[in-house]
Amino acid sequence: RLERLQRVVTKLQMESGLCEEQLNQADTLLQADIRLLAAGKPPQKAAEVERDLDKADAMIRLLFNDVQSLKDGRHPQGEQMYRRVYRLHERLVAIRTEYNLRLKSGVVPAAVTTTATVPLGQRLRPELDEATLRYLQDLLAWVEDNQQRVAAAEWGMDLPTVESHLGSHRGLHHSIEEFRAKIERARADEVRPGPGSLHSHPCYLPQNSSKSRLRHLESLHGFVSAATKELLWLSEKEEEEVTFDWSHQNPNMAAKKDNYS
C-alpha cells in the first residue's frame with residue numbers, strides 16, 4: 001500500500017512540474033500579446049494561450065484526483081501535495097482571469113490608451129467596467145484569503161511537519177511576491193478609479209508577515225534538524241547500552257569501564 005502511494009507521490013511531483021511549465025508558457029505568451037496590444041498591434045498568440053490554459057486545467061483536475069487518493073490513504077505527504085496542486089490552480093485562475101480581461105476583451109493599459117497610438121477598435125470600452133471590477137475583486141479576494149492563511153498557519157511538531165510547512169510556505173511566499181506585480185499592474189490599468197477600486201481600497205499584501213513567517217520557519221527548521229540529529233545519537237547510544245553484555249565474563253568490560261571514565 002505504501003509503495004503504491006509513494007508511486008502516486010512521484011507521479012504528482014513529475015506531473016505538477018509539467019503543469020507548471022505549461023502555465024509558465026501560457027503566461028509568457030499572454031504577456032507578449034499584452035505588450036502587442038498596448039502598442040496598438042493585434043495579439044498573435046491568443047489561441048495558443050487558451051489551448052495551454054485548457055491543457056493545464058485538465059492536468060490539474062487529474063492531479064487533484066491523485067491528491068485525494070493520498071489523503072484517503074493518510075499518506076504523510078498528502079497535505080503537502082494538496083497545497084502544491086492548489087497553488088497551481090490559483091495560478092491558473094489568475095492567468096485565465098488576466099487573459100479574459102486583457103486579451104479576450106481587448107483591454108489595454110490606461111497609460112497607452114490614447115487616440116494617437118491605439119486604433120479605435122482597441123480603445124477601452126465603457127461596457128468593460130464590470131469585467132474590470134470583477135478582476136479587481138478577484139485580486140482583493142486573493143489577498144484577503146492569503147492574509148488569513150499566513151495568520152492561521154501552523155508551525156509543526158517534528159522535522160517532517162516543519163519541513164512540510166516550510167516547503168508549503170516557500171511556495172506561498174513566491175506567489176505573494178509574484179502577485180504584487182499583478183496588483184500594481186491592475187492599479188495602473190484603472191481608467192476611472194472609484195469605490196471598490198484598488199486605488200480606494202487599502203490593499204496590503206501579506207508580504208511582511210509572510211517574510212517574517214518564512215524567516216521563523218527557516219530558523220525553526222535549523223533548530224529541529226540539529227535537535228533531531230542529537231536525539232538520533234542518543235537513541236543509538238541507548239541501544240548500545242541496552243544490548244551490551246554486562247556480565248563479568250564479557251572481555252570488553254575493561255574497555256567499557258575506560259569509556260565511561
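Just so it is clear, the model here is predicted, and its values are computed rather than measured. Each chain has its residues counted from 1, running along the sequence as written. Local features in this predicted model are restricted to residues of pLDDT 70 or higher, and side-chain atom pairs are both shown and tallied only at a pLDDT of 80 or more, whereas totals for entire chains, interfaces and linings draw on every residue. With hydrogens and water stripped out, all remaining heavy atoms of the structure feed into the side-chain values.

**Re the overall build of the protein chain**
- Broken down by element type, the protein chain carries 7 helices and 0 strands.
- Mapped in sequence order, the helices and strands of the protein chain form the string α-α-α-α-α-α-α.
- Going through the 261 residues of the protein chain one by one, you find that 36% of them count as buried.
- Pairs at least 24 apart in sequence give 75% of the contacts found in the protein chain among residues at least 6 apart.
- Accessible surface is estimated by sampling points in the Shrake-Rupley manner with a 1.4 Å probe; for residues, cover comes only from the protein chains shown. Surface summary for the protein chain: the accessible area is close to 15700 Å², and the carbon and sulfur share equals 55%. Each helix is a run of DSSP H or I of at least 4 residues and each strand a run of E of at least 2, with the numbering of both proceeding from the N terminus. Under the scheme applied here, a residue whose accessible area is under 20% of the maximum for its type counts as buried, over 50% as exposed, and between as partly exposed, the area being computed with a 1.4 Å probe on protein chains only. Contacts were defined at the residue level, with two residues in contact if any of their heavy atoms lie within 4.5 Å.

**Some thoughts on the side chain of Arg 87**
- Inspection of the secondary structure assignment puts Arg 87 in helix H3 (residues 78-104).
- Filtering out sequence-adjacent residues up to four positions away, Arg 87 remains in contact with Gly 167, Ser 168, Gly 171, Leu 172 and Ser 175.

**With respect to the pattern of salt bridges**
- A carboxyl oxygen of Asp or Glu within 4 Å of a side-chain nitrogen of Lys or Arg is what we treat as a salt bridge. Scanning the model with the defined rule gives 10 salt bridges in all.
- Between Arg 61 and Asp 57 there is a salt bridge whose closest N-O contact spans 3.4 Å. Of this pair, Arg 61 and Asp 57 both sit in helix H2 (residues 46-72), 4 residues apart, which is roughly one turn of the helix.
- The exposure class of Arg 61 is exposed, given its relative accessible area of 57%.
- A single salt-bridge network, built from bridges that share partners, covers Asp 54, Asp 57, Arg 61 and Arg 96.

Such coordinate-based values are descriptive only and should not be taken to indicate function.
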